[in-house]
Amino acid sequence: MPLHAVNTETETLSMEQLRDAMRQVGEERYHHRHPFHLLMHDGKLTRGQLQAWALNRYYYQNTIPIKDAIILSRGDDADFRRAWRKRIVDHDGDSNSPDGGIKRWLKLAEATGLDPERVAGKREVLPATRFAANEYLNLVRTRPLLEAVASSLTELFSRDLITLRMDRLRLHYPWLSGGLDYFEARLTQAPEDAAFAIRYVYEHAKTRDEQEKAIQALRDKCDILWAQLDALYFAYVQPGWPPPGAFRIED
């Protein structure tokens, strides 16, 4: 083997290579490619379908600070806990900034025409949405902390989708423009969170095997996001079969 050759099974990735590998996962598996999002960005969803999306996505959004609290509880380093705690505040708010991401998402749901209390009640969520979001909690609870942190790295590429989504929502659904505060906040929050998480993964993945497991955790997170949109598409686009008890689009 030449001295400059890379043994892909044993040689650890550099920070740049690790980041590139994570970004490749996003290019291949992130839900920006899902048919439901493609319809959204082309302005082809009805108000009712957007309501179904906002209502179901709220369940996932409400899960995020719980996920972060689980990760926080597993960290035995004070610096790590201080850095990760920011994520919970971003979503839940605090005494200084009570309107966190969850409240901002309810504002978006209200802009679609839904009663925020109805959305917050979570009674009409698709079963598959519950299973997918709860599986994310299982991932961060049961896998090594390194993999739990790595699973958050959809934030490496979410900013591009958020920027596109905001532009397309304003273009095709101008009546939603007043409810986009959640996405505005994530334009700065997501890159900050991603910078910390990728550095953590790079510094704590000591072997190539650990790096590969971290990359796989990100794939698994992308699969969870994709599965949620699969459920939305099946229930509200084609064939359009919402299960009993789930949100129904009104004529």
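One structure accompanies this document, and this report is about it.

**A word on the nonpolar core**
Grouped together as the largest cluster of nonpolar side chains are 77 residues, with contacts concentrated most on M22, W53, V149, L153, F183 and V201. For L153, the residues in contact, after removing those within four places along its chain, are M22, A194, A197, I198, V201 and L218.

**Observations regarding the layout of surface pockets**
Of the pockets and cavities examined, the largest pocket occupies roughly 160 Å³. As for the largest pocket, its lining consists of R23, G26, E27, Y30, H32, F157, D160, L161 and L164. Ranked by residues supplied to the lining of the largest pocket, first place goes to helix α9 (residues 155-172) with four residues. Among the residues making up the lining of the largest pocket, the classes are represented as four nonpolar, two polar and three charged.

**Some points on the packing of aromatic side chains**
Both the distance between ring centres and the angle between the ring planes are used here to describe each pair of aromatic rings. One pass over the structure, following the stated rule, counts 14 aromatic pairs. Judged by centre distance (5.1 Å) and plane angle (45°), the ring pair of F80 and Y200 falls under tilted. In this pair, F80 is assigned in helix α4 (residues 78-92) and Y200 in helix α10 (residues 181-204), connecting sequence segments 120 residues apart. By the burial criterion, F80 is buried, and Y200 matches it. One Lys or Arg, R47, reaches over the ring of W175 and ends 3.8 Å from the middle of that ring. It is R87 that lies over the ring of W84; its NZ or CZ is 3.7 Å from the centre.

**Here's the deal with α10**
Counted at 1.5 Å a residue, the expected span for α10 with its 24 residues is 34 Å, and the 34 Å between its end C-alpha atoms agrees. When the local axis directions of α10 are compared, the greatest deviation, roughly 40°, occurs at L187, which is followed within four positions by the proline P191.

**Comments concerning the side chain of R165**
Locating R165 in the fold gives a position in helix α9. We note that R165 is buried and unpaired, the nearest opposite charge coming from D167 at a distance of 11 Å. Looking at R165, its side chain comes within polar contact range of the side chain of H37, at 3.0 Å. Every residue in contact with R165, bar those within four places of it in the chain, is listed here: H37, M40, H41, W53 and F183.

**Re unusual backbone geometry**
That bond from Q238 to P239 is cis: its omega, 5°, falls within 30 degrees of zero. Positionally, P239 belongs in the segment after α11 (208-236). Notably, K122 is not glycine yet its phi reads approximately 60°, a positive angle. Along the chain, the position of K122 falls in the loop between α6 (116-121) and α7 (127-142).

**Focus: the pattern of salt bridges**
This structure, assessed with the given rule, holds 18 salt bridges. E147 is paired through a salt bridge with R143; the nearest N and O atoms lie 2.7 Å apart. Assessed through its relative accessible area of 23%, R143 is described here as partly exposed. Via salt bridges that share partners, K86, R87, D90, E155, R186, E192 and D193 belong to a single interconnected network.

**Focus on empty space enclosed by the protein**
Following the criterion strictly, the structure yields two cavities of 30 Å³ or more and no others. Taken as a whole, the largest cavity spans an internal volume of roughly 350 Å³. Taken together, 25 residues make up the lining of the largest cavity; nearest its centre are R57, Y60, T154, Y182 and R186. When residues of the lining of the largest cavity are traced back to their parent elements, those giving at least two are α3 (47-74), α4, α9, α10 and α11. A per-element tally of the lining of the largest cavity places α3 first, with six residues. Partitioning the lining of the largest cavity into residue classes produces nine nonpolar, six polar and ten charged. Quantified by volume, the second largest cavity comes out at close to 90 Å³.

Definitions and limits used
The numbering scheme is per chain: residues are counted from 1 as the chain's sequence reads. Two thresholds apply to this predicted model, a pLDDT of at least 70 for residue-level local features and 80 or more for giving and counting side-chain atom pairs, whereas whole-chain, interface and lining totals are computed over all residues. Only hydrogens and water are removed before side-chain values are computed, so all heavy atoms of the structure are retained for them. Definition of nonpolar core: a set of buried residues of the types Ala, Val, Leu, Ile, Met, Phe, Trp, Tyr and Cys, connected through side-chain atoms within 4.5 Å. Only protein chains enter the accessibility calculation, which uses a 1.4 Å probe; a residue whose area is less than 20% of its type maximum is buried, one above 50% is exposed, and one in between is partly exposed. Contact between two residues is taken to exist if any of their heavy atoms lie within 4.5 Å; hydrogens are not considered. Method remark: on a 1 Å grid restricted to protein atoms, a set of points is classed as a cavity if a 1.4 Å probe fits but cannot get out and as a pocket if it is open with protein on both sides within 12 Å along at least five of seven lines; lining residues have an atom within 4 Å of a point. Grid points are joined across faces, edges and corners, and a volume is the space filled by probe spheres set on the points. Helical segments are the DSSP runs of H or I of at least four residues, strand segments are the runs of E of at least two, and each set is numbered from the N terminus. By the convention adopted, Pro, Cys, Tyr, Trp, Phe, Met, Ile, Leu, Val and Ala count as nonpolar, Lys, Arg, Asp and Glu as charged, and the other residues, Gly among them, as polar. Aromatic rings from Phe, Tyr and Trp, taking only the six-membered ring of Trp, are treated as a pair when their centres fall within 6.5 Å; an angle between ring planes under 30 degrees marks them as stacked, one over 60 as edge-to-face, and anything in between as tilted. Two conditions define a charge sitting above a ring: the NZ of Lys or the CZ of Arg must be within 6 Å of the ring centre, and it must be within 35 degrees of the ring normal. By this rule the span expected of a helix is its residue count minus one, scaled by 1.5 Å. In this scheme, the bend at a residue equals the angle between the axes fitted to the seven residues that finish there and the seven that begin there. His residues and chain termini do not enter the charge count, which takes Lys and Arg as positive and Asp and Glu as negative. Here, a salt bridge means any side-chain nitrogen of Lys or Arg that lies within 4 Å of a carboxyl oxygen of Asp or Glu. Counted as a polar contact is a pair of N or O atoms within 3.5 Å, where, for protein atoms, one must be capable of donating a hydrogen and the other of accepting one, and residues adjacent in sequence contribute only when both atoms are in side chains.

Any functional reading would require information beyond the geometric quantities listed.
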